[in-house]
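Spelled out from the first residue to the last, the chains are:
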Amino acid sequence: MIFHTTGSIGSIKGKLDPAKFGVAPLPAGKSFGSPTGGGNLYILKTDKDKQAAAWKFVRFLTEPARVAQWSADTGYIPYRKSAMEAKPWKDAVAGFAGYQAAADALQYAQPELATHNNQQVLKAMGDQLQAIITGSKDVKTALAQAQKDADAILAQFQKK
Amino acid sequence: MAQPAVKVGPAGKPVKRRAPSPGWGPYLLLLPSMILLAAFTIYPMISSGYLALFHANLANREPVWAGVENFQALFTSDLFLKSLKNTVVFAVVTIPASVLLAIWLALQLNRKVRSVSFLRAAYFYPTMLPLVSAASVWNFFYNPNYGPVNLLVRLFGGTAQNWLGDPQTALPAVMFVSIWKDAGYFMIFFLAGLQSLPSDVFEAAELDGANRWQQFWKITFPLLSPTTLFVATISFINAFKAMDQIFVMTGGGPENTTSTLLFYIWQQTFQFWDKGMGAAASVVLIVILLAVALFNQFYVDKKVHYE
C-alpha cells in the first residue's frame, strides 16, 4: 500500500495489471481531507504581442480535450470541469475506476495556503507537526506555537 | 650586459648601489591568484557584509535599509541560535573523533603485515565517494524498517531506532557519517607523518625503557603535531561547511535538531529568499572562521613542532 499522488496512477498502471490494484481516497479520522497541489500559469506584463501569445498558449494548454488526455495519461485530476466531460477522461474512467476515486476526493480539498512569506509560515507549521509526530509536544501546545510563529512572521505585513 | 663594477656619478663619487627594482614583474605573477581571491573571496565577503544591513527579501521590492536589525533578529531567533549550537556541537564532536580515529587507524596500519594495503584502501575508500551518494547510502543504512543498522541492533537484542527521525539521535547519526567519511582521509596524512618520523628517537626511548604508551605520548604525538594541526584545520572546515549530508539525510529536521549554520544560511537565502538574513548569518560565520584562523595563526602555530 502506498500513499501517493494521483499523478502516479498512469505510470503505475503501465507497470501493474490494472485488474490487480485499486485506488482509495485517504482514510478519515474526524473528517476527510485531500491535499492538493500543482503548477500555475502566469502571464507577465510585457508588450502586448507577447501577452497575446502567452494567452494563446495558455488556452492551448487548457483546452478541455487536451486536459482530459493529459489526465488520462498521467492520473492527475482534470483541472477543468469541462474536461471531466471530455471523451479521453470518460474513456479512462470506464477503463479503470481508480481515476474516478481520486477525482472524487477533490470534494474534501481545501484551497492551498497562500500568504506572505509562505515558505516561512509552512516551516513554522512543519516544525510543530514534527514535534507532534515525535511526541515532544502535545497537539494543543504545538499548534499554539505554530500560530505564534506564523503571527510573528506575518507581523510586518499587518496594518499598524 | 656589461656594466662597470662601480658606477661613477657626475661629481666623481661612487653612487650607492641599489638592488635592481623588481618593477611590476612580481605583481604580474601574483595577478591571476589576486583576481580569483578578489572575485570569489573578498568581494563576496564585502558584499555580504553590505547586504546584511538591508531588508532584502520577498516583502520588499527594493532592499530597505535595516541597520543592525537583521543581526538583532538573528540573535533573538530560536532557529538561528539552535543552528549555531548544532554547528558548535558538530565541530566539538567530529573534530576530535575523526582526528583520534585517524591517528589510531594510522598507528594500526603503519606496520608490515600482509593485508595492510588492502586495509588502507578499505579505510580510505569513503574519501573517494561523493558525499551526496555516501549520505544517500547511509539513508538506507539508517532506514527504521529494513536498514542494516537496525538489523544489527535487533540481532543483538536491542530496540530498533528511527535514527534520523528522532530528535535525540538525528544529529549523532549525521555526525557519525562525517566521522566515517573523514577518518580514512585523515589517516593518510598521519600515515605519511608516521613514516617520516626518525627511528633513532624510538630506539633511544626503547633503550631507556619507555613503554609504547609513553613512546606515543612523548614522541609520536608531539612529532606529529604539524600533521595534527593540518588535519584538525581541515576537519574544522568540514564541520563548518557540513551541508550535503544534512541536505540529503535530514533536511535540518526533525524539529531543527540537525539544522547547522550553513544550512540556516542556505534556507534563509534560497528557500525563503531572505537575502538580508542569509547575509547577516554569513557575516556571523565569517567572523567565527576569521577568529579561529587568527587563533590558529598566532597561538596554536607557535605550539606546533616543526622540524
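*Asks:* Got a minute to help me understand the overall build of chain B in this structure?
*Replies:* Within chain B one finds 13 helices and two strands. Since a compact globule built from 307 residues should have a radius of gyration of about 19 Å, the 27 Å found for chain B marks it as more spread out than a globular shape. Overall, the C-alpha framework of chain B stretches about 100 × 75 × 30 Å when taken along its three principal axes. Counting every position in chain B, which comprises 307 residues, the buried fraction comes to 30%. When contacts within chain B are restricted to residue pairs at least 6 apart in sequence, those whose partners lie at least 24 apart make up 68%.

*Asks:* Quick question: what am I supposed to make of the overall build of chain A here?
*Replies:* Summing up its helical and strand segments, chain A has eight helices and zero strands in all. Computed over its C-alpha atoms, the radius of gyration of chain A comes to 20 Å, more than 25% above the 15 Å expected for a compact globule of 160 residues. A principal-axis box enclosing the C-alpha atoms of chain A has dimensions of 50 × 50 × 25 Å. Relative to its full complement of 160 residues, chain A shows a buried share of 19%. Intrachain contacts of chain A at a sequence separation of at least 6 include 49% that bridge at least 24 residues.

*Asks:* Quick question: what am I supposed to make of the domain arrangement of chain A here?
*Replies:* How big an interface is tends to be stated in terms of the accessible area lost upon association of its parts. Segmenting chain A into domains produces domain 1 (6-108) and domain 2 (118-157). The centre of domain 1 of chain A, based on its C-alpha atoms, is set 31 Å off from the matching centre of domain 2 of chain A.

*Asks:* Sorry if this is basic, but what is going on with the interface of chain B and chain A here?
*Replies:* Taken together, the contact pairs ten residues of chain B with eleven residues of chain A. The class makeup of the residues in the side of chain B that touches chain A is five nonpolar, three polar and two charged.

*Asks:* Any chance you could explain helix α12 (residues 261-271) of chain B here in plain terms?
*Replies:* Residue pairs spaced three or four apart in an α-helix point in one direction, given the helix's 3.6 residues per turn. All names here are of chain B. Of all eleven residues in α12, eight are buried; the element is thus mostly enclosed. Those residues of α12 not exposed but buried are Leu-261, Leu-262, Phe-263, Tyr-264, Ile-265, Gln-267, Gln-268 and Thr-269. If you follow the buried residues of α12, they end up packed against α3 (78-109), α10 (225-240), α11 (244-249) and α13 (275-303). Trp-273 sits one or two positions beyond α12 and adopts a positive phi of about 55 degrees.

*Asks:* Even after reading the chapter, I still don't get unusual backbone geometry, so can you show me in this structure?
*Replies:* For residues other than glycine, phi is negative in most cases, and the peptide bonds are mostly trans. Residue and element names in this part refer to chain B. Of note in the backbone geometry, Glu-255 takes a positive phi value of approximately 55 degrees without being a glycine. Structurally, Glu-255 is set in the loop between α11 and α12. Unlike most non-glycine residues, Asn-256 shows phi in positive territory, near 65 degrees. Judged by the 24 C-beta atoms lying within 10 Å of it, Asn-256 falls in the buried class.

*Asks:* What is the right way to look at the nonpolar core in this model?
*Replies:* Across soluble globular proteins, nonpolar side chains show a tendency to be buried alongside one another. With 53 residues, the main nonpolar core has Ala-102, Ala-106, Val-174, Phe-186, Met-187, Phe-190 and Ala-281 of chain B as its most contacted residues. Of all the elements in the fold, those that place two or more residues in this core are α3, α5 (131-141), α7 (170-195), α10, α11, α12 and α13 of chain B. Sorting elements by how many residues they give to this core places α7 of chain B first, with 13 residues. Residues in contact with Phe-186 of chain B, not counting those within four places in the same chain, are Ser-98, Val-99, Ala-102, Val-231 and Ser-235 of chain B. Ranked by size, the runner-up nonpolar core spans 16 residues in total, among them Val-67, Ala-72, Ala-92 and Phe-96 of chain A.

*Asks:* I keep staring at the packing of α3 of chain B against α10 of chain B and nothing clicks. Help me out?
*Replies:* Each pair of packed helices can be summarised by the angle the axes make with each other and by the distance between the axes. All names here are of chain B. The contact between α3 and α10 brings their axes to 9 Å, and the two run at 145 degrees. In terms of crossing hand, the pair formed by α3 and α10 is right-handed. Contact residues: Thr-87, Phe-90, Ala-91, Thr-94, Ile-95, Ser-98, Val-99 and Ala-102 in α3; Thr-228, Val-231, Ala-232, Ser-235, Phe-236, Ala-239 and Phe-240 in α10. For the contact of α3 with α10, the class distribution of residues is ten nonpolar, five polar and no charged.

*Asks:* Hey, could you run me through the packing of α3 of chain B against α7 of chain B in this one?
*Replies:* Residues and elements named next belong to chain B. In contact at an axis separation of 6 Å, α3 and α7 are set at 40 degrees when each is read in the N-to-C sense. The angle between the axes of α3 and α7 places the two elements in the oblique class. In the crossing of α3 with α7, the sense of the turn from one axis to the other is right-handed. Split into classes, the residues belonging to the contact of α3 with α7 amount to 20 nonpolar, four polar and one charged.

*Asks:* Would you mind showing me how to read the environment of Leu-100 of chain B here?
*Replies:* Residue and element names in this part refer to chain B. When you line up the elements, Leu-100 lands in helix α3. Look at Leu-100 and you get partly exposed, because 14 C-beta atoms sit within 10 Å. Sequence separation between Leu-100 and Thr-228 is 128 residues; the distance between their C-alpha atoms is 9.5 Å.

*Asks:* Honestly, the confidence of the model for chain B in this entry has me stumped. Any pointers?
*Replies:* When pLDDT drops low, the exact placement of atoms in the prediction is not to be read closely. This prediction gives chain B a mean pLDDT of 88; 94% of its residues lie at or above 70. At the level of chain-chain contacts, confidence expressed as ipTM amounts to 0.74, with global pTM at 0.82.

*Asks:* Honestly, the environment of Tyr-76 of chain A in this entry has me stumped. Any pointers?
*Replies:* All names here are of chain A. Inspection of the secondary structure assignment puts Tyr-76 in the loop between α3 (64-74) and α4 (81-84). Residue classification places Tyr-76 among the buried positions, given that 20 C-beta atoms sit within 10 Å. Separated by 30 residues in sequence, Tyr-76 and Leu-106 have C-alpha atoms that sit 11 Å apart.

*Asks:* Just checking my understanding: could you explain the confidence of the model for chain A for this structure?
*Replies:* On average, residues of chain A score 90 in pLDDT, and 99% of them are at 70 or above. Of all helices and strands in chain A, the one with the weakest mean pLDDT is helix α6 (residues 98-104) of chain A (86), whereas helix α2 (residues 48-61) of chain A scores best (96).

What counts as what
- Residues numbered from 1 in each chain as written.
- Chains lettered and ligands numbered in written order.
- Predicted model: local features only at pLDDT ≥ 70, side-chain atom pairs only at ≥ 80, totals over all residues.
- Helix = DSSP H or I, 4+ residues; strand = E, 2+ residues; numbered from the N terminus.
- Rg over C-alpha atoms; globule rule 2.2 N^0.38 Å.
- Buried ≥ 20, exposed ≤ 12 C-beta atoms within 10 Å, placed from the backbone.
- Contact = placed C-beta atoms within 7 Å.
- Domains from an automatic or database assignment.
- Nonpolar A, V, L, I, M, F, W, Y, C, P; charged D, E, K, R; others polar.
- Core = buried A, V, L, I, M, F, W, Y, C linked by C-beta atoms within 7 Å.
- Axes fitted to C-alpha atoms, helices over the stretch in contact; angles between N-to-C directions.
- Left-handed = near helix turned anticlockwise from the far one by under 90°.
- Parallel < 35°, antiparallel > 145°, perpendicular 65-115°, else oblique.
- pLDDT = per-residue confidence, 0-100.

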